[in-house]
Amino acid sequence: MADAKDVTVIIDGIKVQVPDGTYVWDACRKIGVEIPNFCYLPGLRAFGACRMCVVEVSGRKGFELVTSCSTPATDGMEVRTINDRIWQQRNMIMEALDTDHPIDCPICEANGDCRLQDYGYEYGVTGVDNRRPKIVRPAERLSPAVDIDRDRCVVCGRCVRECDEVVGAVALAFVERGVESLIDAPFGKSLLETPCTSCGMCVEVCPVGALSSRINLTLEHHWWQRKTETTCTYCSVGCTIKLGSYRNQIYEVRTDDMLGLNDGVTCVKGRFAMDFVNSNSRLSRPLVRRDGQLVPATWDEALDLVAERLAANKDATGVLASPKLTNEENYLLQKVARVGLGTNNIDYDGRAGEAASLEVLGEMLGYPAQTNNLIDTRQKSGCIITIGDSIYETHPVYSYQLQRMTRLLDKKVVVISPRWVKMCEWATLWLAPKPGTEELLVHAMARVIADAELQDANYLNGRTEGSKAYLESLVNDTFSLEEASRQTGVPANDIVAAAYLYATGGQSTGPEKLPEPTHPSDLPTSRNGSKEKADAAEKAVLSGQQIQRPEGGFPPSTIVFPLSGTYTISRQTVAALTNMALLTGNIGRAGAGVNPLVSDSNCLGANDMGCMPGYFPGYRPVTADNAREMEALWGADEDHEISGAPGLDMAAMIAAAEQGQLKAMWVVGSNPALSLDAPDSQRTLESLKKLDFLVVQDIFMNETAAIADVVLPASSYAEKEGTYTNTERRVQRVRQSIQPVGVSKPDHHIIAEIGKRLGVPVPAVQPKEVLEEIARVVPLYGGVSFARLDMTEFVDDSIPMPAAVSYKQLKVKSLMWPCTGRLDSGTPVLYKDTFATASGKAQMMAATAMKAQPETTAPDGALMATLGFPLFPFRTGTLSRHSFGLNRVEPDPRLHINSRDAARLGINDQAPVQVTIDGVGDADPVYAVSLIYDRVPEGQAFLAITLEQSGLNSAIRTARHMLSTDGRKSVPIRVQPAPHMSRRPASELQPAATGNVLDIKVQPL
Ligand code: SF4
Ligand code: SF4
Ligand code: SF4
Ligand code: FES
């Protein structure tokens, strides 16, 4: 870590400086000396089990043999990494391992990628004479994702520790003892009954062929596969992954330790959901509608027709971009819309749900984006508030890293969520406000901070505007502890503790010491906020039991909240959080900040590139002046005037189509028929049918494409070059792994071809050149180029372990915007000196008094349910529905319910239930499996929905739309026992509201 002092170690005669306490193994690796190892993995606690990493170090009695992975380096220590004695030791260990290891390499999944094989060769062990009678155990399926062949296990414990320490799942354990010791799910359970997330990290770290994945089963040797380093296409964490391809198919996803900001870690989607690329259902040729049928056409026929029909409709056209497209593609698309069609009718599916929260950040601070970055957050934040949906599900690897550093560095985590979420397991405090009362809760916390004089007065005076009005607005009865506690249901002393933890960077919980939690369900929280408690807490705060602000301030605190998922916080809550961050000086510092997590891999990039009806690229508002400026930048001639009037967003486009005002649509990489922004599928489809012309460009046939006039087969992200911008503002490369499938073409190629036909000056169609144009047009990207994004930056991510330091250097290839020129190394932390507002100061917003949300009271006989994803589905499911891997590991939908409600309704644990949702008309019921536990408050429920339901169940979709648009946070549901689950296998899924539109017949040429 940066704070540890350095020591000098002499390794094989070479001096190397490392932080005091660094393991000898890590110090060796720093100078490129790889010591053989089975059980060590940088960042995991030293285990010292295999002894393969033995080296000699200087000691009082001369050179002694030690395990390098668990011996901390000390100043002046001399290390010998190889000599006869060491070789003999390692040879002995290999012989011992070989004694009962089957030599079945030719049929082993790890053949060619196995440490036992490598070290056997290196240390001359190719089978031993005195083989021990084998304890033969048949290979087994641990879960739909993970297989185990225990005969091959070297009992290194990497899988168990990775699952516990890195993923936080604790789904694996050693069972039995001694030579009988083996890996299994604990307590005789199946892995499916544990918190296993099917992330596959246990398989990734297994050094031999003991763990493998049926999903990634290649039947192709690893060394045949070409490995392409790229960025995951699912959520916005932006994990670096390596796609293994052979014969133009993607076979597996692998990672490398310390690769990318994700440190070689992925979730289930990154690991197992990339097989959609190989799906037989891929669109592979252009289709045009003739005599009511979609029939194959040549590319030229299709492109000419599209250009002709779009040109005929010009600004009566709506264009939908996609957060799955690269920056280069989205940039080109909006340019063709604006220059070629003269319209600002450009949007993408899913933006509406996130826009308000991002916009308020823009208004208050300058940029509608995250202020800080993940690496600083996990290394430097003293206190982390997570609020909204469960980041363990929405942004899995982000949460894996937070939980890991929280446990190692004793960070303080405050979870604000009406329901128990996985992060509660590591939280110091869980506040469970009634759904929809988060804004009030945050204002009450801010008032505690102000009353206790924990605010940063210098920061407020020097760097903000509107602080006086804001502080005055907090002095309102609504925000008193008593009233806030009554309305939110959060005990007053929990509000006080959360406020202190945040304001002091995790240094203090305030006047009252929190009880130590012994179990997640014992976390300090309850719904019994009483007046006595509130009074006592308020008195304590006001009675001068104050913490002194240390010189240099408290450690930084940060706030993290997903904008995806089904339980997002409101714009007003984001404003309240930003105010609280400004109040405590927690913006503009490493490890601090306000950090919204957008949903898709390239949502932020789509915003940056101007796929919004109100903004040109780089967040220039659409005004006449800016329109003229863009014309000049884009070299548009007089026939291509750019509009200075805001365009239509997606919902408005569909409404305009319904009214006959919009005549054409060009839909790229999205499926509005299943969009949450337009929940009534049938009505959306009827509206789209009224268009004179509809062209859909996608990799699969979908419900919208099925009614289109032209369908253009696009290539997947694995078949093209480009960049994505992750939720942190980090621009990263997407690299081509395989050739385009069939005659499909990358979106940038298709868009450029249509643009050219519309007379738009498009740069050469290579993404590299498009990015060069982006750098000229968008100042935030001024210094971003492919060449710079292909350069590796080494980022220190050393981890202090108990009594030692695990030395880690992440290999990251990225630039964080603003990156305005070639000499600019990017901006990991925004607003260090000034805000990007007109005055250079942050704009605080006064709090407005509010009333309790009426929706928090359930109608008679109903429960108020929040909805949430498990890990698996993604948006409308266009990709994830076509992933065999994801469908295979996805569990049943779950209804989490309190035991008293369950008893009242006659529901048994783990039993099928039928759920109907009030207010969604006569939509299908939802079937789920009950999960009874009392972390769910009485009267409430949590419905964990599935891939099938998220996109295709009309009740769920309508309910999700209600939640995302009218400010409500929960819906009334009615639950009754069901005789059985009526869930169909994913392969048989049909869209509920649209009929069997996927089963279209294509005529041969
Ligand atoms: S798949 Fe992931 S969560 Fe499941 S056992 Fe392996 S490491 Fe643990
Ligand atoms: S299954 Fe693999 S990772 Fe786990 S203990 Fe055995 S060899 Fe090690
Ligand atoms: S966390 Fe997000 S970016 Fe990372 S592997 Fe999972 S889905 Fe992909
Ligand atoms: S790697 Fe050091 S004991 Fe196993």
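Computed from a predicted model, the values in this text were never measured in an experiment. Counting starts from 1 at the beginning of each chain's written sequence and moves along it residue by residue. Chain labels run from A onward and ligand labels from 1 onward, assigned in the order the entries are written. For this predicted model, a pLDDT threshold of at least 70 governs which residues receive local features, and a threshold of 80 or more governs which side-chain atom pairs are given and counted, while totals over whole chains, interfaces and linings are taken from all residues. In computing side-chain properties, one takes all heavy atoms of the structure into account and sets aside hydrogens as well as water.

S.K.: Quick rundown of the overall build of the chain? Include the residues and the values.
M.R.: A count of helical and extended segments in the chain gives 30 helices and 42 strands. Scored against the burial criterion, the 1005 residues of the chain give a buried share of 63%. Note on contacts: a residue pair qualifies if any of its non-hydrogen atoms lie within 4.5 Å across the two residues. Counted over contacts in the chain with a minimum sequence separation of 6, partners at least 24 positions apart contribute 74%. A total accessible area of about 36000 Å² is found for the chain, and carbon and sulfur atoms account for 50% of it. Secondary structure follows DSSP: runs of H or I at least 4 residues long count as helices, runs of E at least 2 residues long count as strands, and numbering of each begins at the N terminus. For the exposure calls, accessible area comes from a 1.4 Å probe over protein chains only, and a residue counts as buried if that area is under 20% of its type's maximum, exposed if over 50%, partly exposed in between. Methods summary: accessible areas were calculated by the Shrake-Rupley approach with a probe of 1.4 Å, and residue burial reflects only the protein chains presented.

S.K.: Tell me about the pairing of strand E38 (residues 894-897), and please be specific about residues and values.
M.R.: In short, DSSP must find at least two bridges between two strands for them to pair. Strand direction decides the pairing type here: E38 and strand E40 (residues 926-932), joined by four bridges, are parallel. Residue pairing across strands places isoleucine 897 opposite isoleucine 932, the latter belonging to E40. One ladder, built from four bridges, connects E38 with strand E41 (residues 940-944); its direction is antiparallel. Within the sheet, the bridge partner assigned to arginine 894 lies in E41 and is alanine 944.

S.K.: I'd like a description of the sheet that holds strand E30 (residues 730-734), backed by residues and values.
M.R.: Here three strands make up an open sheet; going across it, the order is E29-E30-E35 and the pairing antiparallel. Where the open sheet ends on each side, the last strands, each with one partner, are strand E29 (722-725) and strand E35 (815-816). By the bridge criterion, four bridges tie E29 to E30 in an arrangement that is antiparallel. What sits directly across from threonine 725, in E30, is valine 731. Contacting E29 and E30, helix H8 (residues 327-340) runs over the sheet at an angle of about 90° to E29. To obtain each axis, a line is fitted to C-alpha atoms, and for helices this fit is confined to the stretch in contact; angles are then taken between N-to-C directions over 0 to 180 degrees.

S.K.: I'd like a description of the site of ligand 1, backed by residues and values.
M.R.: If a single non-hydrogen atom of a residue is within 4 Å of a molecule or strand, that residue counts as near it. Around ligand 1, the structure places Cys163, Ala169, Ala171, Leu172, Cys196, Thr197, Ser198, Cys199, Gly200 and Cys202. Residue polarity is assigned by list, with Asp, Glu, Lys and Arg as charged and Ala, Val, Leu, Ile, Met, Phe, Trp, Tyr, Cys and Pro as nonpolar; anything else, Gly included, falls into the polar class. Residue classes in the shell around ligand 1 are distributed as seven nonpolar, three polar and no charged.

S.K.: Kindly report on the site of ligand 2, identifying the contributing residues and their values.
M.R.: Residues in close proximity to ligand 2 total 13 residues, the closest being Cys153, Cys156, Gly157, Cys159 and Cys206. Taken together, the residues of the shell around ligand 2 sort by class into 11 nonpolar, one polar and one charged.

S.K.: Just give me the short version of H8, but keep the residues and values in it.
M.R.: Helical geometry: 3.6 residues make up each α-helical turn, so side chains three or four residues apart lie on a common side. Helix span, expected: 1.5 Å multiplied by one less than the number of residues in the helix. Here H8 is 14 residues long and its end C-alpha atoms lie 19 Å apart, about the 20 Å a rise of 1.5 Å per residue gives. For H8, the buried fraction is high: 14 of the 14 residues fall into the buried class. Within two residues after H8, glycine 342 carries a phi angle of roughly 65°, on the positive side.

S.K.: Give me the pattern of salt bridges: which residues, what numbers.
M.R.: Only one rule defines a salt bridge in this text: a Lys or Arg side-chain nitrogen within 4 Å of an Asp or Glu carboxyl oxygen. A complete count under the given rule lists 52 salt bridges for this structure. Between lysine 242 and aspartate 256 there is a salt bridge, with the nearest N and O atoms lying 2.9 Å from each other. Of the two residues, lysine 242 sits in strand E12 (residues 240-246) while aspartate 256 sits in the loop between strand E13 (249-254) and helix H6 (268-272), which places them 14 residues apart along the sequence. Residue aspartate 256 is classed as partly exposed on the basis of its relative accessible area, which comes to 31%. In this structure, the salt-bridge partner of glutamate 631 is arginine 628, at a minimum N-O distance of 3.0 Å. Residue glutamate 631 and its partner arginine 628 are both found in helix H21 (residues 624-634); the two are separated by three residues, about one turn of the helix. Look at glutamate 631 and you get buried, because its relative accessible area is 15%.

S.K.: Explain the nonpolar core to me, and be specific about the residues and the numbers.
M.R.: Counting residues in hydrophobic clusters, the biggest one holds 219 residues, and the most contacted among them are Phe38, Met445, Met580 and Trp666. Among the elements that make up this core, the one with the highest residue count is helix H17 (residues 492-503) (10 residues). Apart from residues no more than four positions distant in its own chain, phenylalanine 38 is found in contact with Cys50, Met52, Met94, Leu97, Arg115, Leu116, Tyr119, Val154, Cys156, Arg158, Pro207 and Val208. Residues enter a nonpolar core if they are buried and are Ala, Val, Leu, Ile, Met, Phe, Trp, Tyr or Cys, with the set joined through side-chain atoms within 4.5 Å. Core analysis: the next-biggest nonpolar cluster, separate from the first, contains 25 residues, Leu294, Met653, Val667 and Leu688 among them.

S.K.: So, the sheet that holds strand E26 (residues 664-668): which residues are in play, and what are the values?
M.R.: The strand order E15-E14-E28-E27-E26-E16-E17 describes an open sheet built from seven strands, whose pairing is mixed. This sheet does not close on itself; its edge strands, each paired only once, are strand E15 (293-296) and strand E17 (346-348). Neighbour-to-neighbour, the strand axes of the sheet open up by a mean angle of 20°, direction not taken into account. Bridge analysis of strand E14 (residues 287-290) against strand E28 (residues 710-713) gives two bridges, and the strand direction is antiparallel. Following the sheet pairing, leucine 287 is matched in E28 by valine 711. Where H8 meets the sheet, it contacts strand E16 (317-321), E17 and E26, and its direction lies at approximately 175° from that of E16.

S.K.: Residue-level account of the packing of helix H22 (residues 650-658) against helix H23 (residues 681-689), with values.
M.R.: Relative to each other, H22 and H23 sit at 60°, their axes nearing to 7 Å. Of the possible angle classes, the one that applies to H22 and H23 is oblique. When the axes of H22 and H23 are compared, the crossing they make is left-handed. Only Arg683, Thr684 and Ser687 of H23 make contact with H22, whose side of the interface consists of Ile654, Ala657 and Glu658. By definition in this entry, angles of less than 35 degrees are roughly parallel, angles greater than 145 are roughly antiparallel, angles of 65 to 115 are roughly perpendicular, and the rest are oblique. By the definition used in this description, the sense in which the near helix is turned from the far one sets the handedness, with an anticlockwise turn below a right angle giving left-handed and a clockwise turn giving right-handed.

S.K.: Run through the confidence of the model for the chain, naming residues and quoting values.
M.R.: Each residue carries a pLDDT value, the predictor's own confidence for that position, ranging from 0 to 100. Within the chain, residue pLDDT values average 85, and 85% of them lie at 70 or more. Scored below 50 in pLDDT, residues 515-544 shows 57 contacts in the model against residues more than four places distant or in partner chains. The low-confidence segment residues 982-1005 (pLDDT under 50) makes 46 contacts with residues lying over four places distant or belonging to another chain.

S.K.: Give me the side chain of glutamate 728: which residues, what numbers.
M.R.: Residue position: glutamate 728 is located in the loop between E29 and E30. Under the rule applied, a polar contact is a pair of N or O atoms within 3.5 Å (in protein, one hydrogen donor and one hydrogen acceptor; residues adjacent in sequence only if both atoms are side-chain atoms). A distance of 2.7 Å separates polar atoms of two side chains, one belonging to glutamate 728 and the other to asparagine 726. Of note is the side chain of glutamate 728, whose polar atom sits 2.8 Å from the side chain of arginine 730. Not counting residues up to four positions away in its chain, the partners in contact with glutamate 728 are Leu261, Gln370, Asn372, Asn373, Leu374, Ile375 and Met816.

S.K.: Which residues make up the environment of alanine 49, and what are the values?
M.R.: For alanine 49, the location among the structural elements is in the loop between helix H1 (24-30) and strand E3 (54-59). The exposure class of alanine 49 is partly exposed, given its relative accessible area of 39%. Considering only alpha carbons, one finds alanine 49 and asparagine 37, 12 residues apart in sequence, at a separation of 9.9 Å. Excluding residues within four positions of it along the chain, alanine 49 makes contact with Cys39 and Val155.

S.K.: Break down unusual backbone geometry for me, with residues and values.
M.R.: With an omega of -5°, the peptide bond between tryptophan 817 and proline 818 qualifies as cis. Among the structural elements, proline 818 can be located in the loop between E35 and strand E36 (842-843). Backbone geometry at aspartate 410 places phi at a positive 55°, although glycine is not the residue there. Residue aspartate 410 is classed as exposed on the basis of its relative accessible area of 54%. A positive phi angle, close to 55°, is found at glutamate 453, a residue other than glycine. Positionally, glutamate 453 belongs in the loop between helix H13 (438-451) and helix H14 (457-463).

S.K.: Give a detailed account of the packing of H8 against helix H24 (residues 747-757), specifying residues and quantitative values.
M.R.: Relative to each other, H8 and H24 sit at 20°, their axes nearing to 9 Å. Classified by the angle their axes make, H8 and H24 are roughly parallel. Here H8 runs over H24; the crossing is left-handed. Of the residues in H24, those touching H8 at Glu329, Leu332, Leu333 and Val336 are Asp747, His748, Ile751, Ala752 and Gly755. The residue inventory of the contact of H8 with H24, partitioned by class, reads five nonpolar, two polar and two charged.

S.K.: Mind laying out the pairing of strand E4 (residues 62-67), listing which residues take part and the relevant values?
M.R.: Two elements, E3 and E4, share six bridges in a ladder whose sense is antiparallel. Considered in E4, the bridge of valine 55 is made with valine 66. Linking E3 to E4, which pair antiparallel, is a turn of two residues.

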